Amino acid sequence: SRGQLKIMANWAIVPVKNLDISKSRLSDVLSVDARRELICSLLVRTLSALNESELIENTIVISNDKSVLQLADNQEVMTVQEDSPYDLNSALHQATLVTLTHGATGLLVLPADLPLLTREDVEKIVYEEDSNRLVRIVPDQHGVGTNALFIRPPGMLRYKFGKDSLSNHKEEAKRVRAELHVYRLSNVEFDIDDPDDIRRLNNVAVNTQQQEVQRHG
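Within each chain, residues carry numbers counting from 1 in the order of the written sequence. Predicted model: local features are reported for residues with pLDDT of at least 70 only, side-chain atom pairs are reported and counted for 80 or more only, and whole-chain, interface and lining totals are derived from all residues. Excluding hydrogens and water, the side-chain values take into account all heavy atoms of the structure.

Caption draft 1: Representation of the overall build of the protein chain within the structure. Scanning the protein chain from N- to C-terminus turns up eight helices and seven strands. Per-residue accessibility, obtained with a 1.4 Å probe over protein chains only, is compared with the maximum for each type, and a residue is labelled buried under 20%, exposed over 50%, and partly exposed between these values. Per-residue burial for the protein chain yields a buried fraction of 47% across its 217 residues. Note on contacts: a residue pair qualifies if any of its non-hydrogen atoms lie within 4.5 Å across the two residues. Considering only intrachain contacts with a sequence separation of at least 6, the fraction spanning at least 24 residues in the protein chain is 65%. What sets the accessible areas is the Shrake-Rupley method with a 1.4 Å probe; for residues, cover comes only from the shown protein chains. For the protein chain, the exposed area adds up to about 11000 Å²; of that, 48% sits on carbon and sulfur atoms. Put simply, DSSP marks the helices as runs of H or I at least four residues long and the strands as runs of E at least two long, and each gets a number from the N terminus on.

Now the structure itself:
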């Protein structure tokens, strides 16, 4: 039942950069306004996947961008004003402390820019297992970054986002003697970082539309 699932108390954290500096690598193909619009639509999509899951108790969006926090508030998730706006790992530590004050027993860290993310993907990462020291990682599409990080209990791991974060998070899991799983989930691996990703996303959208037409045609 829903009540039993909630005993796990898994929380999610979605960190979001200031919209004016976010996704600068897309500046050749998207204007500042278009980039802002893209990030906001991706954030709403990510939050809806988390909100749909019965395995996620609550979600925190942490940012120093007031428009991001307002948008998150409209999606009925918790918001935290970031103390150190240019350090992702510090921001995640700050948000993690908030989840612990609310009794979180598991914690999922997700970026906002996963256009293919579904509720089912979320649940593949956070499903219940008989391990009280657990780290699950989904790499990025290049196999070097971290696109999803699930930790039980929250706070046992030092965040190592940045260069080679996959290998650094694996080292951290070993250091704290946690059970480690690395999952390849294509929807979670695909994020929007450069113009090629935009083109790939457009191709996915076109192919999906064609499949729909064929199915109903």
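Caption draft 2: Layout of the sheet that holds strand β2 (residues 58-63). Here seven strands make up an open sheet; going across it, the order is β3-β2-β1-β4-β6-β5-β7 and the pairing mixed. Each having just a single partner strand, β3 (78-81) and β7 (179-182) make up the two edges of the open sheet. Neighbour-to-neighbour, the strand axes of this sheet turn through a mean angle of 20°, independent of strand direction. At least two DSSP bridges between two strands are required for those strands to pair. Across five bridges, strand β1 (residues 10-15) lies against β2 in parallel orientation. To define axes, lines are fitted to C-alpha atoms, for helices over the stretch in contact only, and angles between the resulting N-to-C directions are given on a 0 to 180 degree scale.

Caption draft 3: Highlighting the pattern of salt bridges. Any Lys or Arg side-chain nitrogen located within 4 Å of an Asp or Glu carboxyl oxygen qualifies as a salt bridge. By the definition in use, this model includes nine salt bridges. Here Asp-164 makes a salt bridge to Lys-163, at a shortest N to O gap of 3.4 Å. Asp-164 gets classed as partly exposed once you look at its relative accessible area, which sits at 36%. Through salt bridges that share partners, Arg-119, Glu-120 and Glu-123 make up one connected network.

Caption draft 4: A look at the packing of aromatic side chains. Classification of ring pairs rests on two measures: the distance between centres of Phe, Tyr or Trp rings, Trp counted by its six-membered ring, which must be within 6.5 Å, and the angle between planes, read as stacked under 30 degrees, edge-to-face over 60 and tilted in between. For the structure shown, the criterion picks out one aromatic pair. Only Lys NZ and Arg CZ are tested; either one counts as a charge over a ring when it is within 6 Å of the ring centre and within 35 degrees of the ring normal. Stacked on the ring of Tyr-127, the Lys or Arg Arg-136 has its end atom at 4.0 Å from the ring centre.

Caption draft 5: Fine view of the side chain of Gln-94. Considering the arrangement of structural elements, one finds Gln-94 in helix α4 (residues 88-101). Looking at Gln-94, the relative accessible area reads 16%, which means it is buried. For the purposes of these results, a polar contact is taken to be a pair of N or O atoms within 3.5 Å, where, inside protein, one atom must be able to donate a hydrogen and its partner to accept one; residues adjacent in sequence count only when each atom of the pair is a side-chain atom. Engagement of the side chain of Gln-94 in a polar contact is seen with the backbone oxygen of Gln-81, the distance being 2.9 Å. For Gln-94, the residues in contact, after removing those within four places along its chain, are Ile-62, Val-80, Gln-81, Glu-82 and Asp-83.

Caption draft 6: Local environment of helix α5 (residues 119-126). By the burial criterion, the buried members of α5 are Asp-121, Val-122, Glu-123, Ile-125 and Val-126. Looking at the buried positions of α5, the neighbouring elements they touch are β1, α2 (32-52), β4 (106-109), β5 (134-139), β6 (146-152) and α7 (186-189).

Caption draft 7: Examining the pairing of β5 more closely. Across the six residues that make up β5, a large majority, six, are buried. Neither face of β5 is left uncovered, since the one carrying Leu-134, Arg-136 and Val-138 and the one carrying Val-135, Ile-137 and Pro-139 both have all their residues buried. Pairing geometry for β5 and β6, over six bridges, is antiparallel. Across the sheet, residue Pro-139 finds its bridge partner in β6, namely Thr-146. Linkage of β5 to β6, two consecutive antiparallel strands, is achieved through a turn of six residues, within which Gly-143 is found at a positive phi near 75°. Across four bridges, the pairing between β5 and β7 is parallel. What sits directly across from Val-135, in β7, is Leu-180.

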